[in-house]
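Coordinates in review
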Amino acid sequence: MRTNLLGTAAAATLVLLLTGCAADARGAVRHEPPSGGARSEPATGGPRSESASGVGSKIASVKGARITVYRNKEGMVQRTITSPNDYGATRVFLVDRDEGEWLRVLLPVRPNGSKGWIRATDVTLAETSHRVEIDRGAFRFTVYDGDRAVRTGKVATGEAGTPTPPGRYFFTELVKPVDDGGAYGAYAFGLSGFSPVLKSFAGGPGQLAVHGTNKQSAIGTRASHGCVRVGDDDIRWMAKNLAIGTPVVIKG
């Protein structure tokens, strides 16, 4: 969950508040630019009514300093979301449906699974063939490139009192702790979801994350406040190969 960690990004001081990590973890972190694995494309064209849950997924990156999210395509305003986000990363959304001028997107807000409509002209679209599936019952993750599994490994999930919630999410930012031997391991990806139990945690809003660990023995168990922990070799691979906005499905 987001715990207070002093960090810097683009010469600005940030606070990293990632869920499911040791409450006493402290250290400097820096924002990492989006990873590879996404191909840009124009955000214009004719209507394309389709679900983003198939082999490929579309990622919408906000162009300006803020974006209006609408309840419907009739223009009823739902909320305004700023960019960059709290970590200095360009705000992105996972596209759930592309209808040409309008995009229905997953939102990184409570409650988990919230959706809204945005105008295609307000974002730049990219496409990724990657997705991450996490099986809580099997304590295992699998990264797919289309229909092909390209990486799999064991995970640690939330303890009984602070479970990792199932659902469909996406990576919102990537940060690198200065001390990669700390509780967050080599990297931490923020997720668009939040703990169902902890409304706040060490000064943060209870945001979920997928991150490395300095306690390899905990992998394969319920050990966190809600985050998903993976081995450092796995998180380094993810940081190199997966784009911000990559869909993450937690099941089991």
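The sections below set out a description of the structure shown in this document.

Rules used throughout
Residues numbered from 1 in each chain as written. Predicted model: local features only at pLDDT ≥ 70, side-chain atom pairs only at ≥ 80, totals over all residues. Heavy atoms only, no water. Pairing = 2+ DSSP bridges. Helix = DSSP H or I, 4+ residues; strand = E, 2+ residues; numbered from the N terminus. Core = buried A, V, L, I, M, F, W, Y, C linked by side-chain atoms within 4.5 Å. Buried < 20%, exposed > 50% of the residue type's maximum accessible area, 1.4 Å probe, protein only. Contact = heavy atoms within 4.5 Å. Salt bridge = Lys/Arg side-chain N within 4 Å of Asp/Glu carboxyl O.

Notes on the pairing of strand β13 (residues 140-145)
Direction of pairing for strand β12 (residues 130-135) relative to β13: antiparallel, over a ladder of 6 bridges. Along β13, the bridge assignment pairs His130 with Asp145. Remark: 4 residues form the turn of the hairpin made by β12 and β13, two consecutive strands paired antiparallel; Phe139 in that turn has positive phi of roughly 55°. Taken together, the 6 bridges between β13 and strand β14 (residues 148-158) define a ladder with antiparallel strand orientation. Counterpart to Arg140 in the pairing with β14 is Lys154. Here β13 folds back onto β14, and the loop between the two strands holds 2 residues, one of which, Gly146, carries a positive phi near 70°.

Topic: the nonpolar core
Ile134, Phe171, Leu191, Val210, Val230, Ile235 and Met238 are the most contacted members of the largest nonpolar core, which has 30 residues in total. Counting residues per element, this core draws most heavily on strand β15 (residues 167-177), at 4 residues. Excluding residues within four positions of it along the chain, Val230 makes contact with Phe141, Lys154, Val155, Val210, His211, Gly212, Thr213, Ile219, Ile235 and Met238. Membership of the second largest hydrophobic core comes to 15 residues, among which are Ile81, Val105, Leu107 and Ala120.

Some thoughts on the pattern of salt bridges
For the coordinates displayed, the defined rule picks out 10 salt bridges. A salt bridge links Lys115 to Asp96; the shortest N-O distance between them is 3.5 Å. With Lys115 in strand β10 (residues 115-119) and Asp96 in strand β8 (residues 92-99), the pair connects residues that are 19 residues apart, well separated along the chain. By relative accessible area, Lys115 is classed as partly exposed at 39%. Between Arg236 and Asp233 there is a salt bridge, with the nearest N and O atoms lying 4.0 Å from each other. Here the residue Arg236 and the residue Asp233 both occupy positions in helix α1 (residues 232-241), the gap between them amounting to 3 residues, near one helical turn.

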